[in-house]
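Chain by chain, the residues:
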Amino acid sequence: MSFEENNRINKKFTDLKSRGESALICYVVGGYPDFSHSEKIISALVSGGADIIEIGIPFSDPIADGPTIQDASFKALTKGMTPDKCLLLTAKIRKKFPNLPIIAMTYSNIPFKKGFKEFMCRAKITGIDGFILPDMSIEESEDYVKFAKELGLATVFLVSPNTTRDRIKKIIKHSSGFVYVVSVFGTTGVRSSFAKYSITSIRNIKTIAGPTANVAVGFGISTSLHVKQMIDAGADAVIVGSAIIEKIKQDISSDNMERKLKLYATTMKRPCRQSH
Amino acid sequence: MFMINLSKYPLKGKYGNYGGKYIPETLIPAIDELAEAYEKLKKDPKFKKDFSSYLSHYAGRPTPLYFAKNLTTYAGGARIFLKREDLLHGGAHKTNNCIGQCLLAKRMGKTRIIAETGAGQHGVGTAMAASMLGLKCEVYMGALDVKRQRLNVYRMELLGAKVHTVNSGTRTLKDAINEAIRDWIINVKDTYYLIGSVVGPHPYPMIVRDFQSIIGREIKVQMNEITNSLPDILVACVGGGSNAIGTFYPFIDYSKVRLYGVEAGGMGMRSGRHAATLGAGSEGILHGMRTYILQDKDGQIKNTHSISAGLDYPGVGPQHVHLKEIKRANYVAVTDREALDAFHTLSRLEGIIPALESAHAVSYAMKLARKIGRRKDIVVTLSGRGDKDIEEVMRFTKFKR
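Keep in mind that this is a model prediction, so the values were computed, not measured. For every chain, the first residue of the written sequence is number 1, and numbering continues from 1 along that sequence. Throughout, the order in which chains and ligands are written sets their labels, letters from A for the former and numbers from 1 for the latter. This being a predicted model, a pLDDT of at least 70 is required before a residue's local features are given, and a value of 80 or more before pairs of side-chain atoms are given or counted; all residues contribute to the totals for chains, interfaces and linings. Water and hydrogen atoms play no part in the side-chain values, which are based on all heavy atoms of the structure.

S.K.: Got a minute to help me understand the interface of chain B and chain A in this structure?
M.R.: Accessible area lost when the parts come together is the quantity often used to give the size of an interface. Whether two residues touch is decided by their heavy atoms; if any such pair falls within 4.5 Å, the residues are in contact. Listed per partner, the contact involves 36 residues of chain B and 35 residues of chain A. Put simply, buried area is how much 1.4 Å-probe accessible surface two parts lose in total, over both of them, once they are put together. Between chain B and chain A the total buried area reaches about 3,000 Å² when both faces are included, carbon and sulfur atoms providing 53% of it. Per-residue buried area on chain B facing chain A is highest for B:E25, B:R182 and B:D298; these three make up 22% of the total on that side. Whenever a carboxyl oxygen of Asp or Glu lies within 4 Å of a side-chain nitrogen of Lys or Arg, that contact is scored as a salt bridge. At the boundary of chain B with chain A, the tally comes to five salt bridges. Residue A:K114 pairs with B:D298 through a salt bridge whose shortest N-O separation is 3.3 Å. Under the rule applied, a polar contact is a pair of N or O atoms within 3.5 Å (in protein, one hydrogen donor and one hydrogen acceptor; residues adjacent in sequence only if both atoms are side-chain atoms). Linking chain B with chain A are 21 residue pairs in polar contact (both at pLDDT 80 or more). The helix count covers DSSP runs of H or I at least four residues long, the strand count covers runs of E at least two residues long, and both are numbered beginning at the N terminus. Of all the secondary structure elements, the ones that give two or more residues to the side of chain B that touches chain A are α1 (28–41), α8 (173–186), β11 (282–286) and β12 (289–293) of chain B. In terms of residue count, the dominant contributor to the side of chain B that touches chain A is α8(B) (eight residues).

Here is the structure:
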């Protein structure tokens, strides 16, 4: 794993670690509820305390996502969202926040269709720092990782509670930026609490990964208590996704949406500051 | 005779550039466990004996190879033989795979089976095999298909299966697969995902092919008994492509046997409303495999259309893509209208009502028979019976009148 490259993600983790902080990663579906809202939503989350933004490029068949993100992706696509427009959105965010780490999350077919090299090249130009492809296994990742390395983009692979020790090591080798620990047996979506196995597996993975690697935990995290639990288990970052989408959905027609999202990010960031 | 070596595929889970495993990490241990169990069991005498015994005593194998004299005369050319998978228990070739995989699941110690279904045939096959082998069964089915195939939903429930209606996406087969995969991610410890076609991540395309290859193996023996030689041409319909691969695979190394896969041309290739993935699709990644898919320029999966729900799928088995690329098999399309004509023709001339899927193969076989002329033998796999389609055909025919 290359966690020391000169890229915004690693720099962010280094800065935060030097202050004893953990990172808050906020996920949004690009183009949900629409293009202009996406821009404002991201700004609100960043001003509230989000350290890293993960932009979902909507795909028609998101197998790793639960109902909340499925629905948001479907609505974004219905409103005409495309991978190109997502990159345009990124470019706008990049202009506004030159140092903000931005990661694109999408499914393998989106970059595959355009050609991994071409798609990632364009992503790099618009200001994306790395990719998360939840249906990309390390076995199939040769081209993807090769081109990402050439371009200096991070490749974030996922680790699950049932991943074997040997495989965790391999996945860490293939990853850059951070590794994404899936907290549960399941798809994305808000959960009220986490079983013991989640905490055990995070602890285990962090032990294998070691102190220099960056370990982010996602799936199901929605409250500041969850954040604290994950950090206590050894997470260097937490990823919040479905909970944000649900808040957007609730306040979709309200003038308060941005203010509420900012407040939510602040609440979720708080336990990250008291981490180590 | 000129022999080639194509039966060696998959190599490292791939058919040329196609296949592989593109799945969430949580499922990797599950497919690794499956691959390991299958490699062991396929050489296990007890497993082979059990499978073969259920195929004969429960499902009714071997199925007949019938010389369709009237159809041959009508088409006016090569002799047409029908491989009667429609006579298999459950009414379609799906039963072969369902029994095989349920036995596999049981030997792996899994207690719960999940499956996706489009038309309902694979769901029914799974429900039958699961009930016979004492396994719990849940089936995912798109809301539109639930509406179109009410009878099959009730059949599955009679057989003790629970049917989940899928309301996401386009609410058809591809969405049912998505939902089954999500269930599998959540319940990976005790659940076995029984895929119904030669699709999905490795090793599924290989396992399903192997279980379906009984079709081709029987054809080989039966043709040898009747004609003392190999058939000249094999024809089968292709949605995901399981009955076609099952028919082709035992002949794949005999380059003299020509192979034709028939896709759903829907309302015509120019209309854009079809499900001819090999004919009009492009390379992509869907449902765990690299294959051909019907997609837009951005890589979003397109809506498909076919009068037959069983062919209505935007992807196709990776081995078919390989066979197409190396030009070992030909893939063609037949429209809804042509398939309906063949449905009626076979019913009237031979007293056999074919599934609309199989009617696509029959339609193309008649064309081929005419073209290549006498003294040649064509075997068409009649993958299923048409009882399930009668309502649909009635609706279509009334509309036409």
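S.K.: Honestly, the sheet that holds strand β3 (residues 65–67) of chain B in this entry has me stumped. Any pointers?
M.R.: Residues and elements named next belong to chain B. Two strands are said to pair when DSSP picks up at least two bridges between them. Pairing in this open sheet of six strands is mixed, and the strands run β3-β4-β14-β9-β10-β13 from one edge to the other. Two strands in the sheet have a free side with no partner beyond their single neighbour: β3 and β13 (329–335). Taken over all neighbouring pairs, the strand axes of this sheet differ in orientation by 25 degrees on average, direction set aside. Contacting β3, β4 (79–84), β9 (233–237) and β14 (377–382), helix α10 (residues 214–227) runs over the sheet at an angle of about 135 degrees to β4. Note on geometry: axes are C-alpha line fits, over the in-contact stretch for helices, and angles between N-to-C directions span 0 to 180 degrees.

S.K.: What exactly am I supposed to notice about the environment of A:I244 here?
M.R.: Residues and elements named next belong to chain A. Tracing the backbone shows I244 in helix α11 (residues 242–250). When the C-alpha atoms of I244 and T207 are compared, they prove to be 30 Å apart, with 37 residues separating the residues in sequence. Leave out the neighbours within four places in its chain, and I244 touches C26, Y27, V28, L45, L261 and Y264.

S.K.: What should I look at first to understand the packing of aromatic side chains in this one?
M.R.: Aromatic ring pairs are reported here in terms of the distance separating the ring centres and the angle at which the planes meet. Residues and elements named next belong to chain A. What counts as a ring pair is set by centres within 6.5 Å for rings of Phe, Tyr and Trp (its six-membered ring), and what kind of pair is set by the plane angle: stacked under 30 degrees, edge-to-face over 60, tilted for all other angles. The tally for this structure, following the rule as stated, stands at 16 aromatic pairs over all chains. Between F116 and Y144 the ring centres are 5.9 Å apart and the planes differ by 45 degrees, which places this aromatic pair in the tilted class. In this pair, F116 is assigned in helix α6 (residues 116–126) and Y144 in helix α7 (residues 142–151), connecting sequence segments 28 residues apart. Taken together through their ring pairs, the aromatic side chains of F112, F116, Y144 and F157 make up a single cluster.

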